[in-house]
Amino acid sequence: MSVQDQPQGINFGRPIRAVRLFGEAVSHRVDLKTVTVCAILAVIAVVVALITISSGEYQVPLPDVVRALFGQAEGRIHMVVVEWRLPRTALALILGAALGIGGAIFQSLTRNPLGSPDIIGFDAGAYSGALVVIILLQGGYYAIAGGALVGGLITALMVYFLAYNRGVQGFRLIIVGIGVSAMLNSVNTWMLLRAKLEVAMAAAIWGAGSLNGLGLDRLGPATLVLAVLIPMALLMARPMAQLELGDDAARALGINAERSRLALLVIGVALTATVTATAGPIGFVALAAPQLARRLTGSPGVAMLPAAAMGALLLAAADYIAQRAFAPTQLPVGIVTVSLGGVYFVWLLLREARRQ
Amino acid sequence: MTAAAAVTSRTVAREEEKRPGLAQTNAKRLLWLLVAVAVLLAVIVASIAIGSKDIPVSTVFDAIFAYNDSDDHAIIQALRVPRTILGIGVGMALGMSGALIQALTRNPLADPGILGVNAGAAFFVVLGVGIFGMTSIQSFIWFAFLGAIVTTVLVYAVGSVGRAGATPVRLTLAGVAIGAVLSGISSGITLLNPTTFDRMRQWGAGSLVAPGYETIWATMPFIAAGLVLAMLMARPLNAVALGDDLASALGANIMRTRIGVVIATTLLAGAATAAAGPIGFVGLMVPHAARWIVGPDQRWIFLFTVVLAPVLLLTSDILGRIVMRPGELQVGIVTAFVGAPVLIALARRRRVSGL
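All of these numbers come straight from a predicted model, not from anything done at the bench. (Residues numbered from 1 in each chain as written. Chains lettered and ligands numbered in written order. Predicted model: local features only at pLDDT ≥ 70, side-chain atom pairs only at ≥ 80, totals over all residues.)

(A) Structural detail: the overall build of chain A. Looking only at helices and strands, one finds 14 helices and two strands in chain A. For 356 residues, the compact-globule formula gives about 21 Å, and the C-alpha radius of gyration of chain A, at 21 Å, lands near that figure. When its C-alpha atoms are laid out on the principal axes, chain A stretches across 75 × 60 × 40 Å. Counting over 356 residues, chain A shows a buried share of 48%. Sequence separation of at least 24 residues holds for 71% of the intrachain contacts in chain A that already meet a minimum separation of 6. (Helix = DSSP H or I, 4+ residues; strand = E, 2+ residues; numbered from the N terminus. Rg over C-alpha atoms; globule rule 2.2 N^0.38 Å. Buried ≥ 20, exposed ≤ 12 C-beta atoms within 10 Å, placed from the backbone. Contact = placed C-beta atoms within 7 Å.)

See below:
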C-alpha cells in the first residue's frame, strides 16, 4: 500500500476527519478529540450557567429556567430569569471565552505559558487607568473603560520592553511584571487612600473584576464587539499555529509572518481589553484556560477553540462560586478566579517539579 | 534604556560577580561600618526634624535632653520620636529578614514581599481584623506571626519539591502564586465589610504613623529576639553558601540552621508587617548593597544590613513627608518606587545567579 492510498497522510495516532462543503470551496481538517473535548466543555459550561440562573434568593426550578429562556414563562419567573439573571450569566460565558482566546494568543505569540495579560502587567495598569478616571476625573462608564484600556496598553508595552534583552525570557518577564505591578499597586493604594470611602470601595470592587449588577446595557455592547472579534480570532488560528514553527518556517508555508503577528496581537489585546472594560480586570482565566485545555485535548500547542470553551466554563463556575459562597453577600468574581488560579499555578509547579 | 547603557550595566554586573567587595580587609570594613552608623545617626536626626512642621536641629536635641512643654517639644516627644524608633526597628527587621531569606535560599531575588511572606502575614491580619473584629496590635500581632510562618513553610515546601530542589526561579514562582492567592482572599474579605475595608486600606499602604509607644512595645521584643537569632545564624549560613553537602562536611547542622532561619524570618517579617503593614523591597535592596560593600561573608553582610536598612526606610519616610507637603506619602509607596527599578535592573542582568 503506497502513501497515496492513505488520503489522511501520516497517522499521528489522532483521528482526523476532513470536512468539505460546497464541493471543495470550504475544507477543513477536524481533529476529533479536540472537537469532543470542546463540545463536552461547552455543555458543562452551559449546565453550570443554567444552575447559576436557577439558584439564588428566589429559587427557580431548572425546567422553569429552560422554559423561560425559550420565552414560554411569564410574569415573575420571566423577569427573574431573563431580565435579572440571564445577562450576568451570559456575560460570564462570553467574557470567559474571550479571555481564553486572548490568553491563547498571548501565550502562543510569546511562546510562553506565562505570557498572559495578568502577568505582563495589563491588569495592574488597567486598574491604575480606571482609578485615575474614577477618583481624579469622576468619569462615567465609557470614560472608565477608556482609561483602563490606555493604562493597560501602556503598562503591557512597558513591561515587554523592560523585559526585552536579546529576546524575552519567561522568568525575566515575570520579575519585571512583578516590579512594575508593585509600583502601580502602590500608586493605586495611594489613590484609594485619597478617595472617600464609598468611592474607594466601588473602585476596589471594579479593580477586583466583578460581574455583580451587570445588566442588559453591558451585555449588548460586549456581545456586539465580541461577535466581531472572536470569529476574526478563529480565522487567524491556523496562521497562529504556523507562527509557532518559527518565522522562517511560517513564511515557507505561505504566511506573512509580520502581518499575521501584528493582527494576532491587535485581536488579543482587543479581546482582553473588551473584558476589562466590561467587568474590570479578571485575573488568571487567560493564564489557566489555554493550558488546561491543551492538557485535555493533548494538542501540541495552545489552541483557540478549546481555550474559549475552557475559559467560558472557568468563568461561569467562578461566577457561581462568587454568587453563592457568601450569599447573600456577593463577591467580585475576580477574587474567586485569582484564588483558584493561584491554586492551579501551585499545582503546575508541583507537577513540573515531579517530572524533572 | 539605550543599547549602550544596557551594555555598560551588563559589564558592571559581570565585574560585580567577580569582585569580593569594595572593602577587602576587616579594617576597611570597620571603617565603612563607622561611616554607615554616622549616616544612620544623621538620618535619625533628620527624621525627627523634617516634617509638615520643620523643627531646627538644636530644638531636636533640646527636646530630647532638656524637655520643656513647648509645642515643638511636644510634637517631637509624642509623634516624631516614636515614629523614628518604629522606623529603625521595622527597617532592621525588614532588611534582616531579606538577608536571611537570600542567604538560606541562595536566591538574589528573595525578599519577604516577593516570596509572599508579607502577603501571608497580611492575610492573617485581615482574618483577625475582618472576621474576629480585632482592633489592637497586641491581639493581631500573633496572627501576623502565624501567617508569616505558615506562608514561609508553604512557599519553601512548594518551591523545593522534586530533585532539582529549591532553585531561585521555582521559589520565586511559588511565592508569587501563593502570595496572589492570599492577597486575593484578603481583598475578598475586606470588600465584604466597609469598616474592615477602611481600616485595611490605611494599614495596607505600609506606614510608620502610629502615635504613641503602644506599637513599639508590642513589636520590639520580637524584633530584638529575631535579630539576635539571625546573628547566631551568620556562621552556619556561611557554610550553607557552599552547598548542603560541603556544609555538613564542615560541621554545620543544616536542619538546625534552616529551622533557626525560618523562625528568625518569621519573627522579623511578622513583627514588621504587624507594626507597619506590608512594606516591600527593603529586604531585597539592602542585603545587595551590603554584599556589594563587604563581599560574601554573611557576618559582615548582616551587620551592614542592620545599619543600612533603617537608613533606607527612614530616608524613604522622610521623602514621603517632603514630596507632598503638607500631606504625606506612605513609606510603603515610596519604597515600592525606589525598589521596583532595582528589582527590574537585577532581573535584566544576564544571569540571575544563585549566591
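(B) Region of the structure containing the overall build of chain B. Across its full length, chain B carries 15 helices and zero strands. Put simply, chain B has 355 residues, and 50% of those count as buried. Across chain B, every contact between residues at least 6 apart in sequence was considered, and the portion connecting residues at least 24 apart equals 77%.

(C) The packing of helix α14 (residues 298-323) of chain B against helix α15 (residues 331-348) of chain B, seen in detail. Residues and elements named next belong to chain B. Running from N to C, α14 and α15 point in directions that differ by 110 degrees, and their axes come no closer than 8 Å. Between α14 and α15, the crossing angle belongs to the class labelled roughly perpendicular. Along the contact surface, α14 presents L313, S316, D317, L319 and G320, while α15 presents V331, V334, T335 and V338. For the contact of α14 with α15, the per-class residue count stands at five nonpolar, three polar and one charged. (Axes fitted to C-alpha atoms, helices over the stretch in contact; angles between N-to-C directions. Parallel < 35°, antiparallel > 145°, perpendicular 65-115°, else oblique. Nonpolar A, V, L, I, M, F, W, Y, C, P; charged D, E, K, R; others polar.)

(D) View of the pairing of strand β1 (residues 16-21) of chain A. All names here are of chain A. Counting buried positions over the six residues of β1 gives zero, only a small fraction of the element. Of the pairings in the sheet, the one linking β1 to strand β2 (residues 26-31) comprises six bridges and is antiparallel in character. Directly across from R20, in β2, lies its bridge partner S27. (Pairing = 2+ DSSP bridges.)

(E) Geometry of the interface of chain A and chain B. Each side of the interface is counted separately: chain A has 38 residues, and chain B has 42 residues. Elements that contribute at least two residues to the side of chain A that touches chain B include exactly α6 (170-194), α7 (197-208) and α14 (333-355) of chain A. Of the residues forming the side of chain A that touches chain B, the biggest block, 14 residues, is contributed by α6 of chain A. Considering only residue class, the side of chain A that touches chain B consists of 28 nonpolar, eight polar and two charged.

(F) Structural view of helix α12 (residues 254-276) of chain B. Helix length check: α12 of chain B, at 23 residues, gives a terminal C-alpha distance of 32 Å against a target of 33 Å (1.5 Å per residue), a fit within 8%. Looking at the residues trailing α12 of chain B, positive phi occurs at G277 of chain B, about 85 degrees. (Expected span 1.5 Å × (residues − 1).)

(G) Highlighting unusual backbone geometry. Phi is positive for F284 of chain A, which is not a glycine, with a value near 75 degrees. Mapped onto the elements of the fold, F284 of chain A is located in the loop between α11 (257-279) and α12 (285-297). Phi is positive for F281 of chain B, close to 75 degrees, though the residue is something other than glycine. The residue F281 of chain B is located in the loop between α12 and α13 (282-294) in this model. Given 30 C-beta atoms within 10 Å, F281 of chain B falls into the buried group.

(H) Representation of the confidence of the model for chain B within the structure. Residue and element names in this part refer to chain B. Here chain B averages 81 in pLDDT, while 90% of its residues score no lower than 70. Low confidence marks residues 1-18, where pLDDT is under 50. Its contacts with residues over four positions away, or in another chain, come to eight contacts. Across the interfaces of the predicted complex, the ipTM metric reaches 0.75, alongside a pTM of 0.78. (pLDDT = per-residue confidence, 0-100.)

(I) Inspection of the packing of helix α4 (residues 71-105) of chain B against α12 of chain B at higher detail. Residues and elements named next belong to chain B. As a packed pair, α4 and α12 sit with axes 9 Å apart at the nearest point and diverge in direction by 145 degrees. For the element pair α4 and α12, the recorded crossing hand is left-handed. Taking contact as the criterion, the partners of L86, V90, A93, L94, M96, S97, L100, I101 and L104 in α4 are, on α12, R258, V261, A264, T265, L268, A269, A271, A272, A275 and A276. The residue inventory of the contact of α4 with α12, partitioned by class, reads 16 nonpolar, two polar and one charged. (Left-handed = near helix turned anticlockwise from the far one by under 90°.)

(J) Molecular detail of the confidence of the model for chain A. Residue and element names in this part refer to chain A. Here chain A shows a mean pLDDT of 82. Residues at 70 or above account for 93%. The weakest mean pLDDT in chain A belongs to β2 at 74; the strongest belongs to helix α13 (residues 304-324) at 92. With pLDDT under 50 throughout, residues 1-6 is counted as low confidence; its partners more than four residues away or in other chains account for zero contacts.

(K) Broad picture of the environment of Q107 of chain A. All names here are of chain A. Residue position: Q107 is located in helix α3 (residues 75-110). In this structure, the C-alpha to C-alpha distance between Q107 and G301, residues 194 residues apart in sequence, is 9.6 Å. Once you skip the residues sitting within four places of it in the chain, Q107 turns out to touch N112, P113, G115, S116, P290 and V302.

(L) Structural detail: the environment of M79 of chain A. As for its position among the elements, M79 of chain A is in helix α3. For M79 of chain A and A68 of chain A, which are eleven residues apart along the polypeptide, the C-alpha to C-alpha distance reads 9.0 Å.

(M) Representation of the environment of A39 of chain A. Residue and element names in this part refer to chain A. One can find A39 in helix α1 (residues 32-54). Assessed through the 11 C-beta atoms surrounding it within 10 Å, A39 is described here as exposed. Note: C-alpha distance between A39 and I174 (135 residues apart in sequence) is 34 Å.

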